[in-house]
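These are the residues of each chain, in order.
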Amino acid sequence: MYPGTGEFGFELLVCRWAEESWPPETRREDAVIVARQLGTRERRWDTVVLECDPEGMAARSRFGDRELDSDLLHVVRNAPAEWAWYRDALPHPGYPWRYVRAAVHRAADRGVVEKRRRGNRIEIRRVAPYPEWVRRIVAIENKPDLDASAARALSSQLEHDVETALADEVWVATRATGRRVEPALLEDLPVDVGIVALSFDDAETDRTASTAWADATVEWYPSEVTPADAPSDGERARRRLELAERAYGRGWRSFHETMRPDCRQFELRRFGAALVPHCAAKGRSQTAAECAGSCSAFEPEPPGWRTRGWPIEGGPGNGIKRLLDRRREWVRTRERETGETDRT
């Protein structure tokens, strides 16, 4: 059981389950960060799970909660311990230095490097060594109803994931049917890809108790992805780190960025241990594609909601954004401080 009629609701529940219970059927030893709808120019994954070193994550937090893009990573990872002209300190990026100079200014503005001017030269110094904080990257494709046609469409994408090896493991998450043999096992999926069957209980649970709201069964265990024709170690490591930074900065609760929480019909409702969007006009959990300004039921929040004593400053739409952002930060803090998941 999951909210809504599309894959979007199932995807949000998978993300929350992974945040609480990854890895399935195994004791957690790593800090876990979960994000959704991330990838490369060629491939986008539904769910990305970062298995991280908690101490490394704590060191990563020195550079703030926002992601570091590729240009900022080039500056931060190579910034020297002592003051040096940036063109002496940084390896040639393969593109004009003026772009590096712009990245240096951005990095200094965010406080992730120190900058000073000596004569007509800009010198930089690191604020801290950039840590090795990511241990493994896991990619999950969410297909609640994996019939034969869906499996055929997914198979080539999964083969691409195995061949490129940006993720250490690749999984398919599907809805548990209760049959003796889950239908996903009968489909033509790559043997290197794991399959986990999930069922969710929408009853609100006592978060201080051990009551389970999600049941996960591993139907097929994945192989470690190690193809012979994988990208070079340096290129692969760079792309993986850029992916990890995007996951660290965005998380999975950022769905409000592509929906319209400023609509008076937009609500958040609890589904088990997760908070999922709900449309009062449709009477159900809506998809991200449905929740747009073009929706016929879209109604902007009245100005009075934001200016005449509404108890959440800025109106309920902004309150929803702040709530989701706080929950994302709460999980990040718990993971880097204790290696435990958010149980509240």
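Rules of the game
Residues numbered from 1 in each chain as written. Predicted model: local features only at pLDDT ≥ 70, side-chain atom pairs only at ≥ 80, totals over all residues. Heavy atoms only, no water. Helix = DSSP H or I, 4+ residues; strand = E, 2+ residues; numbered from the N terminus. Rg over C-alpha atoms; globule rule 2.2 N^0.38 Å. Contact = heavy atoms within 4.5 Å. Areas by Shrake-Rupley, 256 points an atom, 1.4 Å probe, with all protein chains shown as cover. Lys, Arg positive; Asp, Glu negative; His and termini not counted. Charge placed at Lys NZ, Arg CZ, Asp CG, Glu CD. Salt bridge = Lys/Arg side-chain N within 4 Å of Asp/Glu carboxyl O. Pairing = 2+ DSSP bridges. Axes fitted to C-alpha atoms, helices over the stretch in contact; angles between N-to-C directions. Phe/Tyr/Trp six-rings, centres within 6.5 Å; stacked < 30°, edge-to-face > 60°. Buried < 20%, exposed > 50% of the residue type's maximum accessible area, 1.4 Å probe, protein only. Lys NZ or Arg CZ within 6 Å of the ring centre and 35° of its normal. Core = buried A, V, L, I, M, F, W, Y, C linked by side-chain atoms within 4.5 Å. Patch = residues over 30% accessible without salt bridge, like charges linked within 9 Å, V, L, I, M, F, W, Y side chains within 5 Å.

Peer 1: Outline the overall build of the protein, listing residues and values.
Peer 2: Looking only at helices and strands, the protein features nine helices and 11 strands. Here the C-alpha radius of gyration of the protein, 22 Å, is about what a compact globule of 344 residues would show, namely 20 Å. Considering only C-alpha atoms, the protein reaches an extent of 70 × 60 × 40 Å along its principal axes. By sequence separation, contacts in the protein at least 24 residues apart represent 69% of the contacts at least 6 residues apart. Total accessible area computed for the protein in this model is approximately 16,600 Å², and 46% of it derives from carbon and sulfur atoms. Across the protein, the 55 positively charged side chains and the 59 negatively charged ones have centroids separated by 8 Å.

Peer 1: Now, about the pattern of salt bridges: what can you tell me, with residues and values included?
Peer 2: Under the criterion given, the structure shown has 32 salt bridges. Note that R250 and E67 form a salt bridge whose closest N and O atoms lie 2.8 Å from each other. Here R250, found in helix α7 (residues 233-250), pairs with E67, found in the loop between α2 (54-60) and α3 (70-78); they are 183 residues apart in sequence, far enough to count as distant. R236 is the partner of D168 in a salt bridge, and the nearest nitrogen-oxygen pair spans 3.9 Å. Of this pair, D168 sits in the loop between α6 (148-164) and β7 (169-175) while R236 sits in helix α7; the two residues are 68 residues apart in sequence, bridging distant segments of the chain.

Peer 1: Which residues make up the sheet that holds β7, and what values go with them?
Peer 2: Strand-to-strand pairing in sheets goes through backbone hydrogen bonds, with the strands running parallel or antiparallel. Read from one edge to the other, the open sheet built from six strands follows the order β1-β2-β6-β7-β8-β9, with strand pairing classed as mixed. The sheet is open, and its two edges are formed by β1 (31-39) and β9 (214-220), each paired on a single side. Neighbouring strand axes in the sheet, compared pairwise and without regard to direction, differ in orientation by 30 degrees on average. As defined by bridge partners, strand β8 (residues 194-200) adjoins β9 across six bridges and the pair is classed as antiparallel. Counterpart to F200 in the pairing with β9 is A214.

Peer 1: Give me the packing of aromatic side chains: which residues, what numbers.
Peer 2: This structure, assessed with the given rule, holds 10 aromatic pairs. Between F10 and F200, the aromatic rings sit 6.0 Å apart at their centres with planes inclined by 75 degrees, giving edge-to-face as the arrangement. Taken together, the residues span a long stretch of sequence, with F10 in helix α1 (residues 7-21) and F200 in strand β8 at a distance of 190 residues. F200 carries the same exposure label as F10, and that label is buried. Here F63 and Y130 contribute two aromatic rings whose centre-to-centre distance is 5.7 Å and whose plane-to-plane angle is 50 degrees, an arrangement assigned as tilted. Placement of F63 in the loop between α2 and α3 and of Y130 in the loop between β5 (121-126) and β6 (134-142) is noted, with a sequence separation of 67 residues between them. Judged by relative accessible area, which is 3%, F63 ranks as buried. Each residue in the set F10, F200 and W213 is aromatic and connected to the rest through ring pairs, giving one cluster. Over the ring of W85 we find R121; its NZ or CZ atom is 3.7 Å from the centre of that ring. In this arrangement the basic side chain of R332 is found over the ring face of Y248, its NZ or CZ atom lying 5.1 Å from the centre.

Peer 1: Report on the nonpolar core, specifying residues and quantitative values.
Peer 2: Soluble globular proteins tend to bury their nonpolar side chains together. Ranked by size, the top nonpolar core spans 55 residues in total, and within it L50 and W133 carry the most contacts. Once you skip the residues sitting within four places of it in the chain, L50 turns out to touch A31, V32, I33, W133, R136, I137, A244, A247 and Y248. Membership of the second largest hydrophobic core comes to 35 residues, among which are W22, W252, A273 and V276.

Peer 1: Can you break down a nonpolar patch on the surface residue by residue, with the values?
Peer 2: Together, V181, L185, L186, V191 and W220 make up a nonpolar patch on the protein surface, roughly 470 Å² of accessible area in all. By secondary structure assignment, the location of V181 is in the loop between β7 and β8. We classify V181 as partly exposed; its relative accessible area is 35%.

These results come straight from atomic positions and should not be treated as a statement about function.
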